[in-house]
Amino acid sequence: MTFPQYTAGITEPTDLNFLLGPKLFFILFKALFIIGILFYIIYAVIMIRQIQLMTETVKTKMSGSLILLGVIHLILALLLFGYFLIV
Amino acid sequence: MPDIFNHPAKKEKIRIKRKFRVTSPAEDKPADKPLIASIPMTPKQDNGHRSVDHYSEVMRAEKPTSNMFKAYAPKPLGVNFTVQEEEEVIILMLRQHPVTQLKWVAISLILALMPLFLNSISFFSFLPPSYELGVILMWYLFILGYIFKSFLRWFFNIYLITDERIIDIDFYNMIRRNMATAKIDRIEDVTATNKGFLGTMFDEGSVVIQTASEKREFEFDGIPHPARVVTLINELILEEERETLEGRVR
């Protein structure tokens, strides 16, 4: 039984468990990070919403800047999510 | 027929009458007579209320500020809150003293330096380079989120003292906040405490305000110049009592 998609470039013995071991580890590793980043994106969205509500409660000259910082923070989280998808 | 109704003498008589017009006793009374002789009357605003500089020694020594990062911001410019009344003026805006935020600043610095330490011992050597970069980027993103959350918590935890009320706005975390107000004339007791090394060195402490409102106690925790805040609140209480006696209550 051969699996070319898993064995390409591998010159080690073709034992299935051996081949899938490290690959499975990295797949799980990547999946965990993607799930973690997704939760973090939700947190970043909640943060922006809370900033909006607080700037409505207390209006200052910094209100716009704080919302912008929250948006930048969310964009960074989205960029990192995209990075983990393509890696 | 002679015109007696427009005779010049009659007009002169009318002119004299108007010059020595008799007024009623009520019109003779001066408009601003102090009810309490010991309290000097000072110029009032159009709404009948005095500016804070007239009755507060604490605020007389302070200039208005537009710096939004100050923990002790007298007469803040460009600040409004949602339940502010039309003629209500914010006299003092308070936040926790910056020295109370050292904990999360120190934690952030340690966390920021940790990847450098872990790299030096090749902690991530088992990961491919692209994964290692991703982990480090994610680590710094989490630290950035932690710093931003801590800053927002400090920035939006505000204590406001207006000429009518005290307001306590608490921003606990991303999903919980609280706002409590009490009128100045409902304040019963005000206490200031400084404790600890940092409190003494940086004049940082707490002000506890007992009220007759629904929320019985307000605590302004970790604020700068607590003694000054207590003095200001006492001055505001006195002014509220004056307003009640003089009928200038809003």
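Note that the coordinates shown come from a computational prediction; the quantities given were computed from them, not determined experimentally. (Residues numbered from 1 in each chain as written. Chains lettered and ligands numbered in written order. Predicted model: local features only at pLDDT ≥ 70, side-chain atom pairs only at ≥ 80, totals over all residues. Heavy atoms only, no water.)

Caption draft 1: Structural detail: unusual backbone geometry. Residues and elements named next belong to chain B. Positive phi, close to 50°, is recorded for Asp203, a residue that is not glycine. Secondary-structure assignment places Asp203 in the loop between helix 7 (196-201) and strand 8 (204-211). Residue His225 is not a glycine yet carries a positive backbone phi of 50°. (Helix = DSSP H or I, 4+ residues; strand = E, 2+ residues; numbered from the N terminus.)

Caption draft 2: Molecular detail of the pairing of strand 4 (residues 158-162) of chain B. Residues and elements named next belong to chain B. Burial analysis of strand 4 places 5 of its 5 residues in the buried class, which makes it a mostly covered element. Alternating positions in strand 4 separate into two faces, Ile158, Leu160 and Thr162 on one and Tyr159 and Ile161 on the other, with burial throughout. Note: strand 3 (residues 90-94) against strand 4, 4 bridges, orientation antiparallel. From the neighbouring strand, Met93 faces strand 4, where its bridge partner is Leu160. With 4 bridges joining them, strand 4 and strand 5 (residues 165-173) adopt antiparallel strand pairing. If you follow Ile161 over to strand 5, its bridge partner there is Ile166. The turn linking strand 4 back onto strand 5 is made up of 2 residues. (Buried < 20%, exposed > 50% of the residue type's maximum accessible area, 1.4 Å probe, protein only. Pairing = 2+ DSSP bridges.)

Caption draft 3: Quick look at a nonpolar patch on the surface. Side chains of Leu68(A), Leu69(A), Val71(A), Ile72(A), Ile75(A), Leu76(A), Leu79(A) and Leu144(B) sit close together on the surface and give an oily, nonpolar patch of about 660 Å² of accessible area. When residues in the nonpolar patch are grouped by element, the largest group, 7 residues, is from helix 3 (residues 63-86) of chain A. Exposure remark for Ile75(A): the relative accessible area of 42% places this residue in the partly exposed category. (Patch = residues over 30% accessible without salt bridge, like charges linked within 9 Å, V, L, I, M, F, W, Y side chains within 5 Å. Areas by Shrake-Rupley, 256 points an atom, 1.4 Å probe, with all protein chains shown as cover. Salt bridge = Lys/Arg side-chain N within 4 Å of Asp/Glu carboxyl O.)

Caption draft 4: The arrangement of the interface of chain B and chain A in detail. Tallying the contact residues gives 38 residues for chain B and 32 residues for chain A. In this assembly, chain B packs against chain A so that about 3,200 Å² is buried in total across both faces, 80% of it on carbon and sulfur atoms. Per-residue buried area on chain B facing chain A is highest for Tyr131(B), Phe148(B) and Met174(B); these three make up 21% of the total on that side. Connecting chain B to chain A are 0 salt bridges. Inspection of the region where chain B meets chain A yields 6 residue pairs in polar contact (both at pLDDT 80 or more). Mapped onto the side of chain B that touches chain A, the elements with two or more residues apiece are strand 2 (80-81), helix 6 (129-156), strand 5 and strand 6 (176-183) of chain B. Looking at the side of chain B that touches chain A, the element that brings in the most residues is helix 6 of chain B, giving 17 residues. Note that strand 1 (residues 58-59) of chain A and strand 2 of chain B share 2 bridges and pair antiparallel. Looking at the pairing, Val58(A) lines up with Phe81(B) of strand 2 of chain B. (Contact = heavy atoms within 4.5 Å. Buried area = accessible area lost by both parts, 1.4 Å probe. Polar contact = N/O pair within 3.5 Å; in protein donor to acceptor, adjacent residues only side chain to side chain.)

Caption draft 5: A look at the sheet that holds strand 5 of chain B. Residues and elements named next belong to chain B. Pairing is antiparallel in the open sheet, where 5 strands are placed in the order 1-3-4-5-6. Two strands lie at the open edges of the sheet, namely strand 1 (72-74) and strand 6, each paired on one side alone. For this sheet the average axis-to-axis angle between neighbouring strands, irrespective of direction, equals 10°. On the sheet, helix 6 packs against strand 4 and strand 5 and is oriented at approximately 170° with respect to strand 5. (Axes fitted to C-alpha atoms, helices over the stretch in contact; angles between N-to-C directions.)

Caption draft 6: Geometry of the side chain of His97(B). Residue and element names in this part refer to chain B. Turning to its location among the elements, His97 is positioned in the loop between strand 3 and helix 5 (102-120). In this structure His97 comes out as buried when scored by relative accessible area, which is 13%. Of note is the side chain of His97, whose polar atom sits 3.3 Å from the backbone oxygen of Phe202. Here His97 is in contact with Ala71, Phe202, Asp203, Glu204, Gly222, Ile223 and Pro224, once residues within four sequence places are set aside.

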